[in-house]
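# A structural walkthrough
Single-letter residue listing:
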Amino acid sequence: MPGGATVFVEDGVIEGFESVGCEVPADCRLTTFEGTLLPGLFDGHVHLVSDAALGSLERAGSLDADAVDNIIEHSLRQQAAAGVTTVRDLGDVGYRTLGFRDSPRTDLPRITAAGPPLTVPDGHCHYLGGVVEGPDGIRAALSEHEQRGVDVIKVMASGGMTTLGTDPFGVQFEAADLRTLVEAAHAAGLPVLAHAHSLAGIRHALAAGVDGIEHFTGLTETGIRVPDEVLEAVAGAGVFVNPTLGVDREALASMPAPRPGIAAALKRIGLDVETAQAARLQVLQRAQNHGIRLVSGVDAGAAPAKRHGIVSLALAALTEGGFSIADAVATATTVAAQACGLAQVTGRLQPGLAADILVVDGNLEHDITALQRPATVLIRGNPLTPPPT
Ligand SMILES: [Zn+2]
């Protein structure tokens, strides 16, 4: 809001707005901040059980519950300090994130959670404990996820670059099994998000009727390709796309070598990291032109360059790809809230919604890097103390 605003908050909810310098009742505590006011951010794809150290996601599957909880708490703190007030967890072990989701604490981001992601035997992220086989196995896993109270189902529709022996260019699951999975989830009122790096995996997921596609890389043997007819189908079906951008370039540069699976995938299509990124951004620009709703999430925790608290870098990457700052911010606020089924709860500065509020240092209208300088963060009206560093 140009010129600033006074935001009234009561019991964790936004009550209303007035101009700066308005009359404030004597029993109101008034705090003033400089900078840009916006809704708290979402990171739409996190792995709270993983602290981004090399191999930490793989290790999460063999840790005891206390060790996992410690990592989850640490991950959430890093997200909160970066201005993230809601995370969507898409790769849990032992349903540990649900305890945090259901906790009344207001010093940690709100969580929407998938539980262990579903995959095929020896498939991508099999070590997180979500392996299923055949229609009966799929229905049993769905019913367990439902009973545990997850918010969303995550399924690995293609292999992944970080699980060696799986094929990020191919598909996982028989088409009929994937459809069974989506139907069972929808019958339980749960949306389904599909991990898909390959173009084949994107088509596979779309045909099964998923609600969102994660990564959406468009890998084919001849490069990164997502034809117009696929973009039209994604837009027509109202499927959300999260390209999982956002890389800590310093951490990437300090790695001795690219991870073998990523290096192999790039070699297979004859691209390097930069040209692959440019090709992906072109796909996303076309996706936006087709009216596809984009969500930002980092895949935080999954790798050293994917630490918790860098969703601002995913938004910066979108602006490098030609997106306006407002459109980029929407992918981590209003659109992310829609994608998480939380549009009536958070994601906008509006009376009646949660006081999930971020102030960043600088003028965000012209400077996307302001998001990397959170000045204060309120989660359900509770200011983080001490202020984030
Ligand atoms: Zn992930």
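Relevant structure appears above.
In this report, we go over the structure that sits alongside the text. Bear in mind that the values here come from a model prediction, so they are computed numbers and not experimental data. Counting starts from 1 at the beginning of each chain's written sequence and moves along it residue by residue. The predicted nature of this model means local features are confined to residues of pLDDT at least 70 and side-chain atom pairs, given and counted, to a pLDDT of 80 or more, with totals for whole chains, interfaces and linings taken over all residues. With hydrogens and water excluded, all non-hydrogen atoms of the structure serve as input to the side-chain values.

Only DSSP runs of H or I reaching four residues or more are called helices, and only runs of E reaching two or more are called strands; each is numbered from the N terminus. Of the regular secondary structure elements, the chain holds 13 helices and 14 strands. With respect to the principal axes defined by its C-alpha atoms, the chain has extents near 65 × 45 × 45 Å. Burial classes: relative accessible area under 20% of the type maximum marks a residue as buried, over 50% as exposed, and values in between as partly exposed (1.4 Å probe, protein chains only). For the chain, buried positions account for 54% of its 389 residues. As displayed, the chain offers around 16,200 Å² of accessible surface, 52% of which is attributable to carbon and sulfur atoms. Every accessible area reported is derived by Shrake-Rupley at a probe size of 1.4 Å, with residue values counting cover from the shown protein chains alone.

A few words now on the coordination of the zinc ion. Six octahedrally arranged donors around a metal ideally form angles of 90 or 180 degrees; four tetrahedrally arranged donors ideally form angles of 109.5 degrees. Summarising the metal site, the zinc ion is bound by the protein donors His-45 (NE2), His-47 (NE2) and Asp-299 (OD), whose distances to it range over 2.1 to 2.2 Å. Of note, the zinc ion draws all its donor residues from one chain, in the sequence arrangement H-x1-H-x251-D. Neither residue differs from the other here; His-45 and His-47 are each classed as buried. Metal coordination here is assigned from N, O and S atoms located within 2.8 Å of the ion, or within 3.2 Å for Na, K and Ca; omission of water means that sites may look incomplete.

A few words now on the packing of aromatic side chains. Working definition: a ring pair exists when centres of Phe, Tyr or Trp rings (six-membered ring for Trp) sit within 6.5 Å. Plane angles under 30 degrees give stacked, over 60 give edge-to-face, the rest tilted. Summed over all chains, the structure comprises 0 aromatic pairs. It is Arg-268 that lies over the ring of Phe-169; its NZ or CZ is 3.8 Å from the centre. Placement of a charge over a ring requires the Lys NZ or Arg CZ to be within 6 Å of the ring centre, with the centre-to-atom vector within 35 degrees of the ring normal.

Geometry is summarised by axes, namely lines fitted to C-alpha atoms with helices restricted to the contacting stretch, and by angles between N-to-C directions that run from 0 to 180 degrees. Between helix 6 (residues 199-208) and helix 7 (residues 228-236), the shortest axis-to-axis distance is 11 Å and the interhelical angle comes to 35°. Like other packed secondary-structure pairs, helix 6 and helix 7 cross with a definite hand, here left-handed. Contacts between helix 6 and helix 7 involve Leu-199, Ile-202, Arg-203 and Leu-206 from the first element and Glu-229, Val-230, Ala-233 and Val-234 from the second. Here the term charged refers only to Asp, Glu, Lys and Arg, the term nonpolar to Ala, Val, Leu, Ile, Met, Phe, Trp, Tyr, Cys and Pro, and the term polar to all other amino acids, Gly among them. Residue composition of the contact of helix 6 with helix 7, grouped by class: 6 nonpolar, no polar and 2 charged. Helix crossings fall into two classes, left-handed where the near helix is turned counterclockwise from the far one by less than a right angle and right-handed where it is turned clockwise. Working rule for contacts: check all heavy atoms of both residues, and any pair within 4.5 Å makes them a contact.

Here we take up the side chain of His-215. As for its placement among the helices and strands, His-215 is situated in strand 9 (residues 212-220). When its relative accessible area of 4% is taken as the criterion, His-215 is described as buried. There is a polar contact of 3.1 Å between the side chain of His-215 and the side chain of His-195. Sequence-distant contacts of His-215, that is, excluding residues within four places in its chain, are made with His-45, His-195, Ala-196, His-197, Asn-242, Pro-243, Thr-244, Arg-280 and Asp-299. Distance and chemistry together define a polar contact, namely a pair of N or O atoms within 3.5 Å, with one atom able to donate a hydrogen and the other to accept it when in protein, and with adjacent residues in sequence counting only for side-chain atoms on both sides.

With respect to the element layout, His-45 can be found in strand 4 (residues 41-46). Discounting chain neighbours no more than four positions away, the residues touching His-45 are Arg-88, Leu-90, Lys-154, Glu-214, His-215, Asn-242, Thr-244, Gly-297, Val-298, Asp-299 and Ala-300.

Across a sheet, paired strands are connected by hydrogen bonds in the backbone, their directions being either parallel or antiparallel. If DSSP finds at least two bridges between two strands, the strands pair. With antiparallel pairing, the 4 strands of this open sheet are ordered in space as 3-12-13-14. The sheet is open, and its two edges are formed by strand 3 (36-39) and strand 14 (382-383), each paired on a single side. Pairing of strand 12 (residues 357-360) with strand 13 (residues 374-379), which is carried by 4 bridges, proceeds in the antiparallel orientation. Bridged to Leu-358 within strand 13 is Val-377.

One finds Ile-153, Leu-181, Ile-213, Phe-216 and Leu-371 to be the most contacted residues of the largest nonpolar core, which totals 95 residues. Looking at which element gives the most residues to this core, the answer is helix 11 (residues 311-320), with 6 residues. Here Leu-181 is in contact with Leu-118, Ile-138, Leu-142, Ile-153, Val-155, Phe-173 and Val-192, once residues within four sequence places are set aside. Only buried Ala, Val, Leu, Ile, Met, Phe, Trp, Tyr and Cys residues count toward a nonpolar core, and they belong to the same one when joined by side-chain atoms within 4.5 Å.

Whenever a carboxyl oxygen of Asp or Glu lies within 4 Å of a side-chain nitrogen of Lys or Arg, that contact is scored as a salt bridge. Counted by the stated rule, this structure contains 18 salt bridges. Ionic pairing is found between Asp-107 and Arg-105, a salt bridge with its closest N-O pair at 3.1 Å. Under the relative-accessibility criterion, Asp-107 is labelled partly exposed at 26%. A salt bridge links Arg-268 to Glu-221; the shortest N-O distance between them is 2.7 Å.

Taken together, the 3 strands give an open sheet; going across it, the order is 4-5-6, and neighbouring strands pair in parallel fashion. In this open sheet, the two strands that pair with only one neighbour each are strand 4 and strand 6 (110-113). Adjacent strand axes in the sheet meet at a mean angle of 20°, parallel and antiparallel pairs treated alike. Alignment of strand 4 against strand 5 (residues 84-89), held across 4 bridges, turns out to be parallel. Residue Val-46 lies in a different strand from strand 5, and its bridge partner there is Asp-89. The strands that helix 2 (residues 65-81) touches are strand 4, strand 5 and strand 6; relative to strand 5, the one it contacts most, it runs at about 135°.

Note on placement: Gly-130 falls in the loop between strand 6 and helix 4 (134-148). Residues Gly-130 and Thr-119, 11 residues apart in the sequence, show an inter-C-alpha distance of 6.0 Å. Excluding anything up to four places from it in sequence, Gly-130 contacts Pro-116, Pro-117, Leu-118 and Thr-119.

Helix span is expected to be 1.5 Å times the residue number reduced by one. Across its 13 residues, helix 5 (residues 175-187) extends 18 Å between first and last C-alpha, which sits within 8% of the 18 Å expected from 1.5 Å per residue. For helix 5, the set of buried residues is Asp-177, Leu-178, Thr-180, Leu-181, Val-182 and Ala-185. Where the residues of helix 5 are buried, they touch helix 4, strand 7 (153-156), strand 8 (192-198) and helix 6. Directly beyond the C-terminal end of helix 5, a positive phi value near 80° is found at Gly-189.

For the rest of this paragraph, the subject is a nonpolar patch on the surface. In this analysis, a patch consists of residues with relative accessible area above 30% that form no salt bridge, clustered at 9 Å for like charges and at 5 Å for the nonpolar side chains Val, Leu, Ile, Met, Phe, Trp and Tyr. A surface patch of nonpolar side chains, amounting to about 220 Å² of accessible area, comprises Val-247, Leu-252 and Val-273. Note that Val-247 resides in the loop between strand 11 (240-242) and helix 8 (249-253).

Right, let's get into the packing of helix 5 against helix 6. Axis angle and axis distance: for two packed helices, these are the angle between their axes and the distance between the axes, and together they describe the pair. Viewed as axis vectors pointing N to C, helix 5 and helix 6 meet at an angle of 50°, and their least axial separation amounts to 8 Å. When the axes of helix 5 and helix 6 are compared, the pair comes out oblique. Along this stretch, helix 5 crosses helix 6, giving a crossing that reads as right-handed. When helix 5 is examined against helix 6, the residues Ala-175, Leu-178, Arg-179 and Val-182 are found in contact with a partner set consisting of His-204, Ala-205, Ala-207 and Ala-208. Split into classes, the residues belonging to the contact of helix 5 with helix 6 amount to 6 nonpolar, 1 polar and 1 charged. Orientation categories follow fixed angle ranges, with anything under 35 degrees roughly parallel, anything over 145 roughly antiparallel, 65 to 115 roughly perpendicular, and all other angles oblique.

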